[in-house]
2 protein chains.
Amino acid sequence: MYAVVMAGGRGTRFWPLSRESKPKQLLNLRGEKTLIQETVERIAPLVPLDNVLIVTGAAHADDVMAQFPTLPREQVLVEPRGRNTAPCIGLAALSIKKRDPEAVMVVLPADHVISRTPAFIDALSTAISTARKSNYLVTVGIKPEAPETGYGYIEGGDPLSPDTGSSVLRVASFREKPDLPTARSFLEKGTFYWNSGMFVWKVSSIMKALQETLPELYRELLMLEGTLGTPDENEAIKEAYDRIEAISIDYGVMEKASNVLIVPGDFGWNDLGSWDALWAISEKDGNNNVLRGNVITADACDSLVFSKDKLVTLVGVDNLIVVETDDALLILKRGHSQDVKNAVEILENREWKGYL
Amino acid sequence: MYAVVMAGGRGTRFWPLSRESKPKQLLNLRGEKTLIQETVERIAPLVPLDNVLIVTGAAHADDVMAQFPTLPREQVLVEPRGRNTAPCIGLAALSIKKRDPEAVMVVLPADHVISRTPAFIDALSTAISTARKSNYLVTVGIKPEAPETGYGYIEGGDPLSPDTGSSVLRVASFREKPDLPTARSFLEKGTFYWNSGMFVWKVSSIMKALQETLPELYRELLMLEGTLGTPDENEAIKEAYDRIEAISIDYGVMEKASNVLIVPGDFGWNDLGSWDALWAISEKDGNNNVLRGNVITADACDSLVFSKDKLVTLVGVDNLIVVETDDALLILKRGHSQDVKNAVEILENREWKGYL
């Protein structure tokens, strides 16, 4: 049993707290621990730290290692550049294959929030036992709570084993982010699940699937295989990544493969895609505020404040998100957090790299 | 001709920029110059700096002197504690009397804004020439532009000299801050003026008026007279101020005296009583924003931002006042600036003196 934690995201949606040098997964957005620390701890009952691989970008490898002081260096796989999830997963599979070709691997994004860990462990255990005894590619689908248009959906099909009462389903179809009417119809039908980006499979199963669906990527991986653990490894990965096409595992593999299953899950999952999402899932005070740091309020409600150094004082305001960092201050209307990217774009255009 | 600039205010309404150690009149709220510097410059065509007295509190004397490097030390009168305007004006009158008992003195608050200086100089010139040749107490009344409930009003009566066409009026009555219906009726009648707190009179006239209306204060002033300019001056003033009752010149003298005149003025006056008032009188950009410092906006309007060190970024917000200082950050809904005092009260109750 291995776990692969994908920690490659840039996460400008949490600007100014998230930066190029400090993406979302490395942030302490919810309390004491960072999202990646929470992710690794959550999986611990199933996969001990010895069997955890973290895949991240070169700019973040040091920070990742600092957050896991006991994690051996060789369990951090460093991608020379982001190429989306398929190459990331392929590289991790290759690395695990070298240790144990028959291993089962769990793939987890580093930056999601899960509020009910026991239910998560249950769902994952089901996925693991299913993947272990078969060649299926198993994905974890989230029972939707709202007609979200920001997530991909997976349509569940027939039960895998109608006689056993198991919850595992065959996949009828993958659907990209829908418009609102479509999302509403998905929710009504009750057979659609949010694509959580969590996968479970045997190393041999995903390697075979890569060979069939992404032969060019598979060929690059084969060429890399001999260099892993040698002094040539880094240079070989760098050259391969220069050639490898960026493509997601969903689009590149899952939507094309025929042996895909879905394990439905309902464990308070959130991909924490924005400041709005963070406010929504956070515990609030009596005025529906989420206040971190030195903050006083006089008639203020429905707001989130992250104060770092300064005394932040809210008077007569509502539905604001206020984030103070060493050098920047964001004041955002709640519900508009998708527009943070517009501010980041302004910074990019002005070449204010210090703020990015 | 002497000018007395009253600079005793504490000005918590501009917190966190204004502090106990840095009240409103010492702030640069509008541009290059502080309000007190603007006040002294504005009067310069009528009263050169040699004849300007500034009355301020002990905590602010150094700052006042720093803002007027060429002003002789003895032209800054330091009150050991605030006792409202009547003692302040009495002390200044005493000081001028010592130089020239027949002088005319102009009394000006240090922290008001005037947008049309030539019209202000005109009105003041009329007041000065009226006061010089009589014993009248002359006040400058502002032609109201709106039914303000935050100002006191003065009702104009008969013209002083109906034959000359002069604008100078006798005063029919003083009115305290009215409720809104009353303020509306004042505006409709057209004979009411805002009480600007600006006065012109001969030193001998105001001393005589103090003797009649505030005999106890007058007695204290008489006792002080011999100590002015001696080593005993500071101690004598301190002891007198321990005994002197706090009272405004309006309530203590003007409302009781019978020889009061009003010179109507219309010169873009504003007492700048709040952040809202500052937004209202400031020049705006195309989105109706007033932005000072390092600020970027993405869909933000009708707001005022004072940034000091940090890059302040507004996304999707409107009608906010945002003020960053070294140690604090205020985020205020426009229209609620009267509630800033509630936040200051919280600080006082927590004994967070560093922020006051």
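Before any of the text, the structure's been laid out above.
Residues numbered from 1 in each chain as written. Chains lettered and ligands numbered in written order. Predicted model: local features only at pLDDT ≥ 70, side-chain atom pairs only at ≥ 80, totals over all residues. Heavy atoms only, no water.

### A few points about the pairing of strand S15 (residues 311-315) of chain A
Okay, step 1: Among the five residues in S15(A), five count as buried, and that is most of the element.
Okay, step 2: Of the two faces of S15(A), the one holding Leu311(A), Thr313(A) and Val315(A) and the one holding Val312(A) and Leu314(A) are both buried throughout.
Okay, step 3: Inspection of the sheet shows strand S13 (residues 295-298) of chain A paired to S15(A) by four bridges, in the parallel sense. Along S15(A), the bridge assignment pairs Thr297(A) with Leu314(A).
Okay, step 4: Where S15(A) meets strand S17 (residues 328-333) of chain B, five bridges bridge the pair, whose relative direction is parallel. What sits directly across from Val312(A), in S17(B), is Leu329(B). (Buried < 20%, exposed > 50% of the residue type's maximum accessible area, 1.4 Å probe, protein only. Helix = DSSP H or I, 4+ residues; strand = E, 2+ residues; numbered from the N terminus. Pairing = 2+ DSSP bridges.)

### Brief notes about helix H1 (residues 35-43) of chain B
Residue and element names in this part refer to chain B.
Okay, step 1: Of all the nine residues making up H1, eight are buried; the element is thus mostly covered by neighbouring parts of the structure.
Okay, step 2: Turning to H1, its buried residues are Leu35, Ile36, Gln37, Glu38, Thr39, Val40, Arg42 and Ile43.
Okay, step 3: In this structure, the buried residues of H1 make contact with strand S1 (2-7), strand S2 (52-57), helix H2 (61-67), strand S4 (104-109), strand S5 (113-114) and helix H4 (117-132). (Contact = heavy atoms within 4.5 Å.)

### A look at the nonpolar core
Okay, step 1: Ranked by internal contacts, the top residues of the largest apolar core, which has 48 residues, are Ile89(B), Met105(B), Leu137(B), Trp201(B), Ile206(B), Leu210(B) and Val253(B).
Okay, step 2: Every residue in contact with Ile206(B), bar those within four places of it in the chain, is listed here: Ile89(B), Ala93(B), Met105(B), Leu137(B), Trp201(B), Ile249(B) and Val253(B).
Okay, step 3: Counting 47 residues, the second-largest nonpolar core is a separate cluster that includes Val4(A), Met6(A), Leu91(A) and Leu94(A). (Core = buried A, V, L, I, M, F, W, Y, C linked by side-chain atoms within 4.5 Å.)

### Description of the pattern of salt bridges
Okay, step 1: Per the counting criterion, the structure on display carries 36 salt bridges over all chains.
Okay, step 2: Among the charged side chains, a salt-bridge network with shared partners connects Lys308(A), Asp309(A), Glu324(A), Asp326(A) and Lys310(B). (Salt bridge = Lys/Arg side-chain N within 4 Å of Asp/Glu carboxyl O.)

### Points about the relation of the copies chain A and chain B
Okay, step 1: Between chain A and chain B, which share one sequence, the superposing operator has a rotation angle of 180 degrees and an axial displacement of 0.0 Å; the RMSD is 0.0 Å. On the angle and the small slide along the axis, the relation comes out as a two-fold axis. The C-alpha atom lying nearest the rotation axis in chain A is that of Ile331(A); the distance is 4.5 Å.
Okay, step 2: Mapped onto chain B, 100% of the interface residues of chain A again fall at the interface, so both copies present the same surface. (Least-squares fit on C-alpha atoms with pLDDT ≥ 70 in both.)

### Some points on the packing of aromatic side chains
Okay, step 1: Inspection of every chain in the model, using the stated rule, returns 20 aromatic pairs over all chains.
Okay, step 2: Taking the centre distance of 5.6 Å and the plane angle of 80 degrees together, the rings of Trp275(A) and Phe306(A) count as edge-to-face. You can see Trp275(A) sitting in helix H10 (residues 275-281) and its partner Phe306(A) sitting in strand S14 (residues 304-306), a full 31 residues away along the chain. The pair formed by Trp275(A) and Phe306(A) is uniform in burial state, with each residue classed as buried.
Okay, step 3: Taken together, the ring pairs connect Phe14(A), Trp275(A) and Phe306(A) into an aromatic cluster.
Okay, step 4: One cation-aromatic arrangement involves Arg334(A) over Trp279(A); the distance from NZ or CZ to the ring centre is 3.4 Å.
Okay, step 5: The positively charged end of Arg42(B) is found above the aromatic ring belonging to Phe120(B), 5.9 Å away from the centroid. (Phe/Tyr/Trp six-rings, centres within 6.5 Å; stacked < 30°, edge-to-face > 60°. Lys NZ or Arg CZ within 6 Å of the ring centre and 35° of its normal.)

### Observations concerning the packing of helix H6 (residues 203-213) of chain A against helix H7 (residues 215-225) of chain A
Residues and elements named next belong to chain A.
Okay, step 1: At a closest axis distance of 5 Å, the pairing of H6 and H7 adopts a crossing angle of 125 degrees. The pairing of H6 with H7 is recorded here as oblique in orientation. On H7, the residues that touch Met207, Leu210, Gln211, Glu212 and Thr213 of H6 are Pro215, Leu217, Tyr218 and Leu221.
Okay, step 2: In terms of residue class, the contact of H6 with H7 is made up of six nonpolar, two polar and one charged. (Axes fitted to C-alpha atoms, helices over the stretch in contact; angles between N-to-C directions. Parallel < 35°, antiparallel > 145°, perpendicular 65-115°, else oblique. Nonpolar A, V, L, I, M, F, W, Y, C, P; charged D, E, K, R; others polar.)

### What about the environment of Met1(B)?
Residues and elements named next belong to chain B.
Okay, step 1: Note on placement: Met1 falls in the segment before S1.
Okay, step 2: Sequence spacing of Met1 and Pro48 is 47 residues, and the spatial spacing of their C-alpha atoms is 8.9 Å.
Okay, step 3: In contact with Met1, not counting residues within four places along its chain, are Leu46, Val47, Asn51, Val104, Val106, Ile128 and Arg132.

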